[in-house]
Structure formats: C-alpha cells, structure tokens
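Descriptive structure summary
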Amino acid sequence: MKGPLVVLALLLASGGGAADWPQWRGPARDGRITDLQTRAAWPEALAPAWKVTVGEGHASPVVAGDHVYVFSREGEDEVVRALELASGQTIWRQAYPAPYEMNPAAHAHGKGPKGTPVVADGRVCTLGISGILSCWDAGDGRPLWRKEFASQFSATSPLYGTAMSPVVDGGRVIAHVGGPGDGALTAFDAATGEVAWSWTGDGPGYASPVVAEIGGARQVVTFSESFLVGVSADDGTLLWQLPFTTSWVQNAVTPIVQGDTVIYSGLDHPVQAVKVTTKDGRWTTTPAWENDAVACYMSTPVLADGRIFGFSQRKHGQFFALDAASGETVWLSGGRQGDNAAVLAGGGVLFLLTNEATLIVAPQAGEAFAPKRTWPVAGSPTWAHPVVLDEGVLVKDVETLALLRFEGGTGAAGIVAPPPAGERETTGAVARSPAGETGAADAVAPAPAGERETTGAVARSPEKGAEMSWIWFVVGAVLSWGLYGPVLHKGQMALGNPLKAFLFVGFAYFLVGVLVPLASLASQGQLKGFTTAGMMTSTWAGVLGALGAVCVIYAFRAGGAPLWVMPLVFAGAPIVNVLYSMWQHPPKAAPSPMLYVGFLMAAAGAYMVLHYKPQG
C-alpha cells in the first residue's frame with residue numbers, strides 16, 4: 001500500500017496538485033478552486049489514502065505546500081497541528097487550555113472551534129470558540145503570540161461561540177473580537193500581535209470578513225452583530241454600513257464582493273445585492289436586486305462563471321443557481337438535501353458537501369441541477385468545508401480528518417471502503433510545546449464524542465441519541481399547555497374574579513419569564529447586546545401571549561368549559577400561525593391543496609374532541 005502514497009507525495013511535491021488552500025474558502029476566500037483539472041468522468045467510489053483522529057470541531061482544514069493544518073478540540077484544550085499531506089503523519093502539535101461552556105440554546109452545536117485557521121508568511125493564525133487569537137510558526141509550531149480579551153470586553157465571543165475565520169491582509173491579521181453589543185473589528189500586526197487599527201461600532205457576527213477593492217478603496221467587508229459593513233483596510237475607518245439582523249441574531253453568511261457589488265443573505269432573508277459607490281468622499285449603497293425564492297442560513301454561496309451557486313434553507317435544504325447580474329433563478333434542486341452544505345466551484349463543476357457527509361459533484365453549466373456523482377465520505381456529520389485537490393479531497397467530520405483519492409476507488413458505486421486495520425489510521429508523532437509556553441499544551445485528553453454550523457456554519461450535527469432531544473421540550477410544552485386551561489379555570493373559580501386569576505398568571509410570568517432569565521444571563525455575562533428590534537418584537541410576542549391568557553380567562557367566565565375552550569384554541573392556533581407566516585413571507589407558488597385539508601382536519605379534530613367529551 002506504500003506505492004500509491006509515494007506517487008501521491010511526488011505529485012504534491014512537484015506541484016502537480018491544485019493551488020494551496022491556506023484559509024477559509026480557499027486562496028481568494030471565495031470558494032473557487034483554482035488550477036483544478038477538468039475531468040471527463042468521475043470515479044464511482046473514492047479511495048481512502050489516510051485517516052487520522054484530530055479532535056472535534058467544525059474548523060476546516062487548510063493546506064500550504066505539503067502541510068495540512070487542523071484546528072480542533074481535545075477535552076478542554078484547543079489544539080492546532082500540522083500534518084504531512086501525503087501520509088497524514090503529525091509533524092507538530094500544540095495545545096492550550098480553552099474551557100468553554102456552550103449557551104444552553106446551542107448545546108448540541110458542540111464546543112468548537114469553528115473558525116478556520118489562516119496560513120500566511122510562514123505563520124498560522126487561529127481564533128478559538130471563546131475568542132482566543134493565537135499565532136504559530138507554520139514550520140515547527142512555536143507559539144509566536146496570543147491575545148485574550150477578557151479584560152477588554154464583557155464577553156469575548158458571541159452568544160453561540162466564535163465562528164468567524166480570521167483573514168490576513170498586508171501583514172495584518174484581521175478578526176472581529178469581543179461579544180454581544182461590545183466588540184471590535186481589529187487588525188493585528190501578524191509578526192507581533194500589536195493592534196494596528198480597531199473599529200468598535202458593533203459586536204461580532206458569525207460570518208467571516210473578506211478584503212476587497214471597492215470604489216478605489218481597499219476595505220474589509222463583513223457582517224457585524226447588527227450590520228453589513230465596509231471598513232477601511234488601511235486604518236479601520238467605517239466607510240458604509242447597512243442594518244441587517246436575523247432571528248436569534250445569527251449573521252452567519254460571508255458576503256460576496258464582485259466589483260462594486262456586494263451579495264449577501266441570512267436566516268429567512270432573501271439573497272440580495274447592493275451597489276457600493278462613492279462620490280465626493282461620501283459612500284452610498286443602492287439596492288441592485290433580490291431573490292426571495294432562496295435564503296442562506298449558514299452556507300455561503302460561490303460566484304463562478306456569471307452564476308451564484310449556493311444552498312438555501314428553503315424546503316429543508318435546497319441547492320440553487322442564480323444569474324449574478326440580475327439575481328434571477330436559473331435552477332433549484334429538490335428539497336430535503338440537509339441542514340447545511342459547503343459549496344465550492346472549480347474545474348467546471350460544483351463540489352457540494354452536506355452536513356450528512358454526502359459529497360456531490362454537479363456541473364456548473366446547464367439549466368437544471370444534474371449531479372454527476374454522489375459519494376458518502378465520512379461516518380459522522382461534516383460541517384467543516386472540504387479541501388479539493390487534483391488528487392482527491394480532504395474531509396473533516398466530527399473527530400477525524402481523511403484524504404480520499406479520486407483515482408483507484410473500488411467497490412460498489414459511491415461507497416468509501418474503510419482503511420485496512422492498523423495500516424491507514426494514525427495519529428503520528430506528537431511534538432511537544434516549548435517549556436513554559438502554555439503549561440497544559442502537552443496533555444492530550446480524549447476528544448468528546450460527537451449540529452448544527454457554522455460556517456460558516458455556524459454548528460454541528462446532533463449526535464445519535466441527541467437528534468431527537470428537542471422532543472422532550474415539546475412533551476413539556478404539551479403537558480404545560482394541556483394543563484394550563486383546566487388549572488386556570490380552577491383558579492378563577494376559587495378567586496371568583498377573572499382579573500384576580502390573571503394577576504397571578506402575570507406574577508408567575510414575572511417569576512419564570514423575568515427573574516429566571518435575568519439570573520441565567522447574569523451568570524453567563526450576557527446582560528449586554530439587546531437590540532431594539534429584538535426587544536420590540538419579543539415584547540410584542542409577550543403581549544400576544546398575555547392577551548391569549550386574558551381571552552382564555554374570559555372564555556371561561558362567559559361559560560366555556562376547558563373541554564370546549566382548549567381544543568378550539570389549540571386547533572385554531574396552528575391555522576393562524578400558517579396564515580400569518582404566509583402573509584409575512586408570501587409563497588412563490590400556490591399552496592398545496594393538502595394545506596386546506598389540514599385546516600379541515602384540525603377543525604374536525606376539535607369538533608370530535610368537543611362532541612365526544614366525557615360527561616362529568
């Protein structure tokens with residue numbers, strides 16, 4: 001089995017492979033695979049060259065020369081390592097303590113890291129899930145400098161953990177550090193770590209910055225917590241900004257810049273484009289187009305050959321192609337493709353890696369989604385971007401990194417044969433940290449087993465056994481709301497006045513909905529970063545909930561028994577929910593007739609519950 005690896009090593013050493021992949025989304029940070037040979041056909045199967053256990057996390061591997069760099073977590077340490085591209089053998093490994101507690105709302109996402117390293121000028125820079133920014137010597141792994149920001153910001157990462165990948169421009173490492181409502185897009189000198197400039201206008205989002213020339217000015221374009229911004233790459237001056245927020249404050253899609261056009265999207269937001277121009281020193285943004293048929297949640301699209309290729313959250317995951325000039329839809333795939341997908345383009349084809357560990361090869365040309373090959377590539381979810389080389393593809397799943405070759409595949413179509421026992425899987429030699437650097441750097445804790453991403457991403461796929469954990473909260477809601485009516489009716493009868501009952505409902509809301517969240521947020525250091533839009537919308541939701549309780553109370557007072565009132569409420573509420581959602585987001589096509597069948601069934605179900613209710 002050494003023969004193919006020797007050939008692979010010679011090809012790589014001689015420059016026969018594709019260009020380096022030194023950062024998030026490739027050489028130009030745009031998802032384009034340069035110098036990839038065009039193939040007339042793709043193999044039925046991929047052949048494993050090597051596979052190593054590297055730890056958990058969603059950071060993508062990067063390649064520079066004959067080295068692969070991987071950033072991951074082992075226990076409570078964040079670990080960066082360099083591997084030999086040809087063999088997977090470890091060249092060096094470094095680690096530092098990075099204990100992290102996930103926000104309860106994102107516990108299934110895992111503890112990262114999620115940000116992809118960047119390699120430039122002989123250095124590797126990493127940004128951990130808690131906001132620790134580090135720089136290492138790419139050759140031997142020596143720590144060069146590290147920045148931690150606990151003394152500068154009330155929180156050092158966004159609510160669900162840092163997911164952005166730093167970028168290097170002009171000898172500076174650019175990263176958005178800090179936490180909700182309190183952060184700084186900052187340029188650090190790559191050699192020393194000293195701050196070159198800083199923009200403190202907003203906290204960080206989850207998207208990664210890109211550097212581009214727009215209107216004659218080199219600028220950093222990125223999502224902050226609440227804005228899409230363009231900041232001078234020279235001195236950090238804010239040039240322009242657009243308000244942009246999503247549900248749960250998750251700006252996670254890296255913007256695309258093409259000339260003076262910036263293309264962007266977000267959770268439940270259409271893919272849209274603006275023209276960014278300047279006149280007499282004043283920057284303006286003008287809407288160019290938008291396409292509401294698609295919306296990107298965590299997956300960043302790719303612009304190639306005049307088209308925008310991406311992955312939409314619509315229809316439970318759907319690939320798409322848009323015309324880049326007009327935004328018009330070229331094609332849409334079928335739905336239910338997955339929760340997330342990494343999208344890359346090169347050699348005339350698209351490489352689409354879903355979080356369900358399926359790699360799809362599809363042509364860029366054509367008027368329909370027409371995959372050429374579909375390969376399973378891992379045994380656990382894949383949220384990290386792959387790296388596509390001429391010889392094969394690097395795939396990071398929950399805990400392992402593997403090189404799968406395009407040539408030499410055997411077995412049934414699409415099946416990745418497991419590596420021979422004891423021959424392919426290796427962790428290689430472990431290089432020790434220089435004395436006195438991090439203390440715990442040499443300790444290797446077993447990586448936790450292990451939704452959703454990030455990112456871009458943000459996040460990892462649920463583990464088996466955790467995939468349906470949400471159902472227990474549904475059961476809790478069913479039990480709570482199912483008992484709500486009868487218990488409230490009993491309380492009203494005992495008090496004799498519906499307003500007295502409502503007063504104590506409000507008191508309970510205060511205890512459960514105010515004091516408990518305040519205590520929890522205070523313990524997490526998250527009492528900052530409240531946006532006006534979020535507060536107003538949430539308050540309105542609370543008013544609606546309270547009005548619902550008032551209506552239920554007065555329905556009881558007017559003579560309605562719980563066995564009549566509650567089935568009608570819970571049968572009607574889903575119908576109102578759907579109608580409101582259709583009003584907010586008008587469907588592009590006529591609803592399925594089965595929707596109205598569902599309305600009738602809900603009404604019929606309420607009637608049956610009422611008609612056949614037991615008499616007491």
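This is a predicted model, so every value here is computed, not measured.

Across its full length, the protein holds six helices and 34 strands. Looking at the protein as a whole, 49% of its 616 residues are labelled buried. As displayed, the protein offers around 27,400 Å² of accessible surface, 61% of which is attributable to carbon and sulfur atoms.

Going through the model one piece at a time under the given rule, you end up with 18 aromatic pairs. When the centroid spacing of 5.6 Å and the interplanar angle of 80° are considered together, the rings of Phe-244 and Tyr-264 count as edge-to-face. With a gap of 20 residues between them, Phe-244 in the loop between β17 (238-243) and β18 (256-258) and Tyr-264 in strand β19 (residues 261-266) connect regions that are remote in the sequence. The positively charged end of Arg-146 is found above the aromatic ring belonging to Tyr-96, 4.3 Å away from the centroid.

This brings us to empty space enclosed by the protein. Taken as a whole, the second largest cavity spans an internal volume of roughly 40 Å³. Ranked by residue count, the leading element in the lining of the second largest cavity is β19, at three residues. Residue composition of the lining of the second largest cavity, by class: eight nonpolar, two polar and no charged.

The subject of this paragraph is the nonpolar core. Phe-351, Leu-394 and Leu-401 are the most contacted members of the largest nonpolar core, which has 34 residues in total. Where this core is concerned, the elements lending two or more residues are β1 (47-53), β3 (67-74), β26 (341-346), β27 (349-354), β28 (358-363), β30 (387-388), β31 (392-396) and β32 (400-405). Counting residues per element, this core draws most heavily on β32, which supplies four residues. Apart from the residues within four sequence positions on either side, Leu-401 is in contact with Trp-50, Lys-51, Val-52, Val-54, Pro-61, Val-68, Val-70, Leu-83, Leu-394, Val-395 and Lys-396. Membership of the second largest hydrophobic core comes to 16 residues, among which are Leu-239, Leu-242, Val-262 and Tyr-264.

What follows is about the sheet that holds strand β9 (residues 143-147). The four strands are arranged β6-β7-β8-β9 in an open sheet whose pairing can be described as antiparallel. Looking at strand neighbours, the two that pair on one side only are β6 (118-120) and β9, the edges of this open sheet. Neighbour to neighbour, the strand axes of the sheet diverge by 15° on average, direction disregarded. By the bridge criterion, three bridges tie β6 to strand β7 (residues 123-127) in an arrangement that is antiparallel. Bridged to Val-118 within β7 is Cys-125.

What follows deals with the sheet that holds β30. Taken together, the four strands give an open sheet; going across it, the order is β1-β32-β31-β30, and neighbouring strands pair in antiparallel fashion. The open sheet has two free edges, formed respectively by β1 and β30, since each of these has just one partner strand. Pairing between β31 and β32: five bridges, direction antiparallel. From the neighbouring strand, Val-393 faces β32, where its bridge partner is Leu-404.

Together, Leu-495, Leu-503, Phe-504, Phe-507, Phe-510, Leu-511, Val-512, Val-514, Leu-515 and Leu-518 line one region of the surface with nonpolar side chains, adding up to about 930 Å² of accessible area. Of all the elements, helix α3 (residues 498-524) adds the most residues to the nonpolar patch, at nine residues. Note that Leu-511 resides in helix α3.

Moving on, we come to the pairing of strand β25 (residues 329-332). In the sheet, strand β24 (residues 318-323) pairs with β25 via three bridges, with the strands oriented antiparallel. Counterpart to Leu-322 in the pairing with β25 is Thr-329. Two successive antiparallel strands, β24 and β25, enclose a turn made up of five residues, where Gly-327 displays a positive phi of approximately 80°.

This part covers the pattern of salt bridges. Enumeration according to the criterion identifies 12 salt bridges in this entry. One salt bridge connects Glu-76 with Lys-111, and the closest N-O pair in it is separated by 2.7 Å. Of this pair, Glu-76 sits in the loop between β3 and β4 (77-84) while Lys-111 sits in the loop between β5 (90-97) and β6; the two residues are 35 residues apart in sequence, bridging distant segments of the chain. In this structure Glu-76 comes out as partly exposed when scored by relative accessible area, which is 36%.

We now examine unusual backbone geometry. Here the amide bond leading from Gly-112 into Pro-113 is cis, since omega sits at 5°, within 30 degrees of zero. Mapped onto the secondary structure, Pro-113 falls in the loop between β5 and β6. One non-glycine residue, Val-249, lies in positive phi territory at about 50°. By the element assignment, Val-249 lies in the loop between β17 and β18. We classify Val-249 as partly exposed; its relative accessible area is 25%. At Asp-280, a position not held by glycine, the phi torsion is positive, near 55°. Look at Asp-280 and you get exposed, because its relative accessible area is 77%.

This next bit is on the state of the cysteines. All chains considered together, the criterion is met by zero disulfides. The thiol of Cys-135 is unpaired, and the distance to the nearest cysteine sulfur, on Cys-125, comes to 3.6 Å.

Our next topic: the environment of Pro-180. The topology assignment puts Pro-180 in the loop between β11 (172-179) and β12 (182-189). Counting along the chain gives 21 residues from Pro-180 to Leu-159, while the straight-line C-alpha distance between them is 6.8 Å.

Reading guide: rules and limits
Residues numbered from 1 in each chain as written. Predicted model: local features only at pLDDT ≥ 70, side-chain atom pairs only at ≥ 80, totals over all residues. Heavy atoms only, no water. Helix = DSSP H or I, 4+ residues; strand = E, 2+ residues; numbered from the N terminus. Buried < 20%, exposed > 50% of the residue type's maximum accessible area, 1.4 Å probe, protein only. Areas by Shrake-Rupley, 256 points an atom, 1.4 Å probe, with all protein chains shown as cover. Phe/Tyr/Trp six-rings, centres within 6.5 Å; stacked < 30°, edge-to-face > 60°. Lys NZ or Arg CZ within 6 Å of the ring centre and 35° of its normal. 1 Å grid on protein atoms, 1.4 Å probe; cavity = no way out; pocket = protein on both sides within 12 Å on 5 of 7 lines; lining within 4 Å. Points joined across faces, edges and corners; volume = space filled by probe spheres on them. Nonpolar A, V, L, I, M, F, W, Y, C, P; charged D, E, K, R; others polar. Core = buried A, V, L, I, M, F, W, Y, C linked by side-chain atoms within 4.5 Å. Contact = heavy atoms within 4.5 Å. Pairing = 2+ DSSP bridges. Axes fitted to C-alpha atoms, helices over the stretch in contact; angles between N-to-C directions. Patch = residues over 30% accessible without salt bridge, like charges linked within 9 Å, V, L, I, M, F, W, Y side chains within 5 Å. Salt bridge = Lys/Arg side-chain N within 4 Å of Asp/Glu carboxyl O. Disulfide = S-S within 2.5 Å.

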